[in-house]
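Chain and residue survey
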Amino acid sequence: MSETRAIPRHVAIIMDGNGRWAKQRNKERYEGHIAGVESVRAAVRAAARCGVEWLTLYAFSTENWGRPTAEVDAIMELFCRTVMGEAEDLVRQGVRVKVMGERTRFSEEVLRMIERIESVTAEGRRLTLVLAFNYSARREMVLAARALAERVASGELRAEDIDEADFADALMSRGIPDPDFVIRTSGECRLSNFLLWQSSYAELYFPEVLWPDFGEEEFERAMEEYARRERRYGLVTEE
Ligand code: FPP
């Protein structure tokens, strides 16, 4: 007997708990991030297999610059190393990578890696992996407001004509469908400045498991959880 179940088109994940995972094992925090990369691989594989079209991962928030320099450097290095090492495999899996965030404060090397991974994977059609890197939802909205204000000031747009579509188009997520399902690992129940506009109607899920322990099986469990949810978009539906 075959069964059809709802598959989220866009899954967005706040990868939380690397530091706690490391602490539980008397390891340094960066070792938690290294372990977290294996879960990034697992999430990409599982998302592609489940038929998810968009996967967004919160890899580095604008607030994360406030962490100790050694940890920030370790995450940047890990990002570059992972991007370099995974490029071929991502292409093979049909994964296109997009990096979403402000391209400021990065070293030349990180900027080069971002451009490289985006161009090498540009033809991927199976899954788009959006890496939110130096991303903050409030900052994104402030920049959108500024861009719209400039268009109004130049006479290209009338303030009273600005609608939700104009605002969405001014965000960094332009062209990316809104997430259907937002997951935050480690039991924390917050959105922490992640996709605040885009998640308006998303289903939210807060599994207890720490990010390095969130493997393919956990991803599939999350998909089952999504399939159980009923989405109404504020409407009342007749039975
Ligand atoms: C959150 O755990 C994790 C991060 C801020 C960094 C995530 C980065 C990676 C997994 C590596 C690079 C990513 C890619 C996509 C190659 P936390 O440190 O806040 O954990 P804690 O709350 O337990 O301290």
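Residues numbered from 1 in each chain as written. Predicted model: local features only at pLDDT ≥ 70, side-chain atom pairs only at ≥ 80, totals over all residues. Heavy atoms only, no water.

**Digging into the overall build of the chain**
A tally of helices and strands in the chain yields 7 helices and 6 strands. Its helices and strands in sequence order give the chain the pattern β-α-α-β-α-β-α-β-α-α-β-β-α, from N to C terminus. Against the globule reference of 18 Å for 239 residues, the chain gives a C-alpha radius of gyration of 19 Å, in line with a compact fold. For the chain, the spread of C-alpha atoms along the three principal axes comes to 55 × 55 × 35 Å. Burial analysis of the chain (239 residues in total) assigns 47% to the buried set. In the chain, 76% of the contacts between residues at least 6 apart in sequence involve partners at least 24 apart. With an accessible surface of roughly 13,100 Å², the chain has 48% of that area assigned to carbon and sulfur atoms. Placing the 34 positive and 43 negative side-chain charges of the chain at their respective mean positions leaves the two points 3 Å apart. (Helix = DSSP H or I, 4+ residues; strand = E, 2+ residues; numbered from the N terminus. Rg over C-alpha atoms; globule rule 2.2 N^0.38 Å. Buried < 20%, exposed > 50% of the residue type's maximum accessible area, 1.4 Å probe, protein only. Contact = heavy atoms within 4.5 Å. Areas by Shrake-Rupley, 256 points an atom, 1.4 Å probe, with all protein chains shown as cover. Lys, Arg positive; Asp, Glu negative; His and termini not counted. Charge placed at Lys NZ, Arg CZ, Asp CG, Glu CD.)

**Comments concerning the pairing of strand 5 (residues 181-184)**
Residues F181 and I183 line one face of strand 5 and the alternating positions V182 and R184 line the opposite face, and both faces are buried. Of the strand pairs in this sheet, strand 5 and strand 6 (residues 203-205) are connected by 3 bridges, and their pairing is parallel. Pairing of F181 across the sheet is with E203, part of strand 6. (Pairing = 2+ DSSP bridges.)

**Remarks on the site of the ligand**
Taken together, 15 residues sit near the ligand, with M15, D16, R20, R29 and R67 positioned nearest. Here an oxygen atom of the ligand sits 3.3 Å away from a polar atom, N or O, in the main chain of G17. Between the ligand and R67, the relevant distance is 2.8 Å, taken from an oxygen atom to a side-chain nitrogen or oxygen of the residue. Considering the ligand on its own, with 630 Å² of exposed area, one finds that the protein chains cover 92% of that surface. Those elements giving two or more residues to the shell around the ligand turn out to be helix 1 (18-24), helix 2 (29-50) and helix 3 (69-93). (Near = heavy atom within 4 Å. Polar contact = N/O pair within 3.5 Å; in protein donor to acceptor, adjacent residues only side chain to side chain.)

**Digging into the nonpolar core**
Residues I13, L55, F133 and F219 are the most contacted members of the largest nonpolar core, which totals 45 residues. Among the elements that line this core, the one with the most residues is helix 3, at 8 residues. What I13 contacts, discounting residues up to four positions off in sequence, is L55, T56, L57, Y58, I183, F194, W211 and F219. Membership of the second largest hydrophobic core comes to 14 residues, among which are Y58, A132, V182 and A202. (Core = buried A, V, L, I, M, F, W, Y, C linked by side-chain atoms within 4.5 Å.)

**Some remarks on helix 4 (residues 108-120)**
Between its terminal C-alpha atoms helix 4 stretches 18 Å, which fits the 18 Å expected from 13 residues at 1.5 Å a residue. Along helix 4, the positions that sit buried rather than exposed are V110, M113, I114 and I117. Down the axis of helix 4, the smallest arc covering the buried residues is 100 degrees, so these residues share one side. Residues of helix 4 that are exposed and point over 90 degrees away from its buried face: E108, R112 and S119. (Expected span 1.5 Å × (residues − 1). Arc of directions from axis to C-beta.)

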